[in-house]
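# Observations on the model geometry
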Amino acid sequence: MSNGTPSAPTSDSMSNPARELIALQTPPHNAHRALDAARRWQRGSISPLLLTPDPLAARSLSGPIERVRLGRSPVHVSRMIFGAMAIGSARHDRERRIHTIRAALDAGLTSIDSAPMYDLGACEQVVGEAIRGVHQDVQILSKVGLRWDDSRGKILFTTRNEHGRKVAVRKNCRPDSVRVEVERSLERLGVDVLDMVQVHMRDPATPIEDTMGALKDLLDEGKLRSIGLSTNFGPREIVLARRALGEVPLASIQVGYNLLERGCEAELLPRAREESIAVLARSPLAMGLLTGRLGPGWSFSDSDLRQKLPSFHRDNLRRVSIALQSGIAPIAADRGVPIAAVALAWVLSRPAVSAIVVGASHPRQARANAEAVDLKLGTDEEAAIQRTFEGLILDPYAGFGYTQRVLAKGRWLAGSLERRLSR
C-alpha cells in the first residue's frame, strides 16, 4: 500500500553521475538535501543543478505582512490568507493542525479562510481552538451553501463522516439554511462575528437575490462584517449579487488562479476591477503541482483524492516538472528560495489579485509559505516564467479510457453551453 511518499531509489542504487554531480555542487553540511535532490532528479521531478535552500527552514520576514482592504467593505486581511481546508481531517493529529494554524498566525497570516463543510464542521472547531485568546486580532472568512446535514438541495458529492457512514453534501443556499450555517459557524469557532461570509458555490435552485438578502439581514444583525462569493460564479452572478446587496458592497470573489489555471483573466478579473471587488486567489500552487516536489514517480496515498485527477497523472506531472525546471527553478536557485515561493510570488504580483489563499499541513510549511510575501519578481523573471508556462498544455483527460474521454467531453460541452445560455 502506498503511503503518500515518493518511491525513490536508495543512495546505494543511485547512478554514479548523479551522486558525483551532487557532490560537486553542494557542501558537506547539505548532504541530506543533495541526496534528496538527486533522487528527485532521477525520477524526473527536478534537476540537481537547481538546488534551493531547504523549503522547510524558518527564515525571518523583512517586516509585517501587508494588509489589504476587501473591496469597499470595512474588512482588511493579510495579503496571504491561511486556507484551513489544507490541514486535512481534524479528527487525526489534532495537535499538529492546531500548531500549523498558530504557526501561520505567528508568521503574519492573520486571516483564515474556512468553511462549515471542511471536515463536516470539525475543521471549524480546530480553527476555533487555535485562535482562542487571540481571535480579536484574527480575521475569519467563512462560507455558506454546502450542507451535509440537510436533505434539501442537489447532491454535489458524497463523503464519509467520523463514524465511517456515507453522507451526501448538497448545494443549499436557501435563506433559512444560510442563517443556520452562520449561527453554527459562530458557535463552532467561538466568536461573536464573522469578518466575511462567502457563498461557497452557486445553487441553481435558489435565486442569488434570496441568498444575498439573507446574508444582508445577518450583516445588519452584527453577525458578519462583509459578504463575498467563492466557487463557480460568473460575471453575470457577480452583477446580480452586487445589485441584490444594494448599499452593502460585495467585498470579494474567490477564483482559482495560478500558473496553470488562468481562465479568470478573460472576464472575471476585469469585472471585479470594474465593480471594485477584491479578488482572492485560491489554489495558487495548483494543489501542490507547482511546489516542485511531485515528479512523475510520485506515489499518492490511497486516501489522496489527487490520484484520480488528470492533472496529477504521471504524463502531466512530467510536463509540469519540465516547466518548473526550465522556468522557475533557476529563479528559485538564484534567489535562494523554494520553487513554491516563486510560484506564489507570481500570483501575488498580478495587479488584479488582492490576496492569495494558501494552505499548509505542517507548521514549517506555513512559515515557508509566508516567505513568498517578501519576494518581488523582476521584469525579466516574470517574462521568463510567462514564456515557459504559456506553452504548457496539460492533457485534461490523462488516464481516461476512450469511453471516459467521450463522456467527459460531453459533460464539458453541456456545461459550456449552459454557461453561455445563462449570460
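The preceding data block contains the structure.
Anyway, here's the lowdown on the structure attached to this text. Not measured: the values here are computed from a predicted model.

What follows covers the nonpolar core. By size, the foremost hydrophobic cluster in this structure holds 102 residues, and its most contacted members are Ile112, Leu215 and Leu229. Counting twelve residues, the second largest nonpolar core, distinct from the first, contains Leu70, Met196, Ala278 and Leu280.

With that out of the way, let us pick up the pairing of strand E5 (residues 139-144). Burial runs high along E5: six of the six residues are buried. Of the two faces of E5, the one holding Gln139, Leu141 and Lys143 and the one holding Ile140, Ser142 and Val144 are both buried throughout. As defined by bridge partners, strand E4 (residues 111-113) adjoins E5 across three bridges and the pair is classed as parallel. Directly across from Asp113, in E5, lies its bridge partner Leu141. Assessed by its sense of winding, the connection that carries the chain from E4 through helix H4 (residues 122-130) to E5 is right-handed. In this sheet, strand E9 (residues 196-201) lies alongside E5 in parallel orientation, the contact comprising four bridges. Of the residues in E9, the one forming a bridge with Leu141 is Met196.

All told, the structure shown has 21 salt bridges when counted by the stated rule. Here Asp149 makes a salt bridge to Arg184, at a shortest N to O gap of 2.7 Å. Taken together, the positions of Asp149 in the loop between strand E6 (146-147) and strand E7 (154-160) and Arg184 in helix H5 (residues 175-189) put the pair 35 residues apart, joining distant regions of the chain. The exposure class assigned to Asp149 is partly exposed, which follows from its relative accessible area of 35%. Across the pair Asp150 and Arg152 runs a salt bridge whose closest N-O atoms are separated by 3.0 Å. Look at Asp150 and you get buried, because its relative accessible area is 16%. Given a relative accessible area of 30%, Arg152 falls into the partly exposed group.

Further remarks concern the packing of H4 against H5. Viewed as axis vectors pointing N to C, H4 and H5 meet at an angle of 45°, and their least axial separation amounts to 7 Å. Classified by the interaxial angle, the pair formed by H4 and H5 is oblique. For the pair formed by H4 and H5, the contact residues are Glu124, Gln125, Val127 and Gly128 on the first element and Ser185, Arg188 and Leu189 on the second.

Criteria and thresholds
- Residues numbered from 1 in each chain as written.
- Predicted model: local features only at pLDDT ≥ 70, side-chain atom pairs only at ≥ 80, totals over all residues.
- Heavy atoms only, no water.
- Core = buried A, V, L, I, M, F, W, Y, C linked by side-chain atoms within 4.5 Å.
- Buried < 20%, exposed > 50% of the residue type's maximum accessible area, 1.4 Å probe, protein only.
- Helix = DSSP H or I, 4+ residues; strand = E, 2+ residues; numbered from the N terminus.
- Pairing = 2+ DSSP bridges.
- Right-handed = clockwise from strand over helix to strand, strands pointing away.
- Salt bridge = Lys/Arg side-chain N within 4 Å of Asp/Glu carboxyl O.
- Axes fitted to C-alpha atoms, helices over the stretch in contact; angles between N-to-C directions.
- Parallel < 35°, antiparallel > 145°, perpendicular 65-115°, else oblique.
- Contact = heavy atoms within 4.5 Å.

Function-wise, these values are silent; they only describe arrangement.
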